[in-house]
Amino acid sequence: MLAVSGIVRYIANQTKNIGGTTYGKALEANMSFNPFALCHFTDRCQVQEVATHELGHALGLGHSLDSTATMSAYAHFDNRCASLTPDDVRGITSIYPGAASGVRLSITTSTLPNTSVNRDYSLALEATGGTGGYQWNFVSGQMPPGIPLGLSGLLFGRSTVYGTFAFVAQVRDSAGSTVQSSLSIVVERPGLAPAITRAEYKKKKVFVSGTGFLADALVYVDGEGLTATLDGTTLITEKRKQKFGVHQAYVVNSDGSRSNTFQFVVQ
Ligand SMILES: [Zn+2]
């Protein structure tokens, strides 16, 4: 036994009928972890799974017959941490359905920000109305490889491929209503790495020539980032007095790609 919990105080004559079952009003629930099972609690994720399961009991759930559910009688320790399976969500939302808001269920997220290959992406789809307890699903189309849609509506990961990915997402509320929305994510092609072939200092500006520069690139001179304007294949920095001697310059594009370091001399 890892832990134990349950409702310890309730008012039997204050009842509510939910979906044909009469429930008493719970006032207090306790949760205890077994100190003799400490060997299982050195792993944060395992503690989270046990605590999530016990919170389920404290809220009134029994054990699920679905062996994959977090509310199954046996801990899984499969790195699920504090997560719920569809069976757990159906269980808790069936006893706590929430008040219908009177507002029709709808998906409020309509556009998704662009990203680029191998860049971290994290965005939660949002819905409103219905009875709450939203659960999201991918219906059709194509997700960017590496950015799946989670049950909670979270789009999370890094795409390994560029392109425009259009898909249909569905949200379901605890009453079983569903609504779908067509969405798309543009994953931009990775930029060519910038490269400096020439750098010189004139009229207090650094002129950096080369290839692969983006219009909003920064030119770093001795570690200081200077804004620059792109004229053809040359970046021209804002004015900055540079001392006599050798200086180091490199370019960083707005997509994060960085050039070689190039030396120039002020005489
Ligand atoms: Zn249990």
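Everything quoted here is computed from the prediction, not taken from an experiment.

## A look at the pairing of strand β14 (residues 224-231)
Link 1 in the chain: Bridging between strand β13 (residues 218-221) and β14 involves 4 bridges; their strand directions are antiparallel. In the sheet register, Y220 faces β14, and the bridge partner there is G225.
Link 2 in the chain: Between β13 and β14, which follow one another and run antiparallel, lie 2 residues, and D222 among them has a positive phi close to 50°.
Link 3 in the chain: Note that β14 and strand β15 (residues 234-237) share 4 bridges and pair antiparallel. Looking at the pairing, D231 lines up with T234 of β15.
Link 4 in the chain: Between β14 and β15, which follow one another and run antiparallel, lie 2 residues, and G232 among them has a positive phi close to 65°.

## Observations concerning the environment of I92
Link 1 in the chain: Mapped onto the fold, I92 is located in helix α2 (residues 86-95).
Link 2 in the chain: A sequence separation of 37 residues divides I92 from L55, and the C-alpha atoms of the two residues are 11 Å apart.
Link 3 in the chain: If we ignore the near neighbours within four places in the chain, the residues touching I92 are L59 and L61.

## Comments concerning the coordination of the zinc ion
Link 1 in the chain: The zinc ion binds to the protein through H53 (NE2), H57 (NE2) and H63 (NE2), with metal-donor distances spanning 2.0 to 2.1 Å.
Link 2 in the chain: Counting gaps between the donor residues of the zinc ion yields the pattern H-x3-H-x5-H. Of the two residues, H53 is situated in helix α1 (residues 44-58) and H63 in the loop between α1 and α2; the sequence distance between them amounts to 10 residues.
Link 3 in the chain: By relative accessible area, which is 10% here, H53 ends up buried.

## Quick look at the nonpolar core
The nonpolar side chains of a soluble globular protein tend to be buried with one another.
Link 1 in the chain: In this structure, L112, L125, W136, L149, L155, F167 and I185 are the most contacted members of the largest nonpolar core, which totals 19 residues.
Link 2 in the chain: Listing elements by their share of this core, those giving two or more residues are β9 (163-172) and β10 (178-188).
Link 3 in the chain: The leading source of residues in this core is β9, at 4 residues.

## Quick look at a nonpolar patch on the surface
Link 1 in the chain: Together, M31, F33 and L55 give the surface a local cluster of nonpolar side chains, amounting to about 240 Å² of exposed area.
Link 2 in the chain: Among the secondary structure elements, F33 is positioned in strand β2 (residues 21-33).

## Describing the pattern of salt bridges
Link 1 in the chain: One pass over the full model with this rule turns up 7 salt bridges.
Link 2 in the chain: Among the salt bridges present, the one from R198 reaches E200, with a minimum N-O distance of 2.8 Å.
Link 3 in the chain: Among the ionic pairs, E200 bridges to K202, the shortest N-O distance being 3.8 Å.
Link 4 in the chain: In this structure K202 comes out as partly exposed when scored by relative accessible area, which is 38%.
Link 5 in the chain: In the salt-bridge network here, residues are joined through shared partners; they are R198, E200 and K202.

## Details of the layout of surface pockets
It is the rolling of a water-molecule-sized probe over the atoms that shows where space remains empty.
Link 1 in the chain: Quantified by volume, the second largest pocket comes out at close to 260 Å³.
Link 2 in the chain: Along the wall of the second largest pocket there are 15 residues; nearest its centre are L2, H53, E54, A73 and A75.
Link 3 in the chain: Among the elements that make up the lining of the second largest pocket, the one with the highest residue count is α1 (5 residues).

Calculation criteria
Residues numbered from 1 in each chain as written. Predicted model: local features only at pLDDT ≥ 70, side-chain atom pairs only at ≥ 80, totals over all residues. Heavy atoms only, no water. Pairing = 2+ DSSP bridges. Helix = DSSP H or I, 4+ residues; strand = E, 2+ residues; numbered from the N terminus. Contact = heavy atoms within 4.5 Å. Donors = N, O, S within 2.8 Å, 3.2 Å for Na, K, Ca; no water. Buried < 20%, exposed > 50% of the residue type's maximum accessible area, 1.4 Å probe, protein only. Core = buried A, V, L, I, M, F, W, Y, C linked by side-chain atoms within 4.5 Å. Patch = residues over 30% accessible without salt bridge, like charges linked within 9 Å, V, L, I, M, F, W, Y side chains within 5 Å. Areas by Shrake-Rupley, 256 points an atom, 1.4 Å probe, with all protein chains shown as cover. Salt bridge = Lys/Arg side-chain N within 4 Å of Asp/Glu carboxyl O. 1 Å grid on protein atoms, 1.4 Å probe; cavity = no way out; pocket = protein on both sides within 12 Å on 5 of 7 lines; lining within 4 Å. Points joined across faces, edges and corners; volume = space filled by probe spheres on them.

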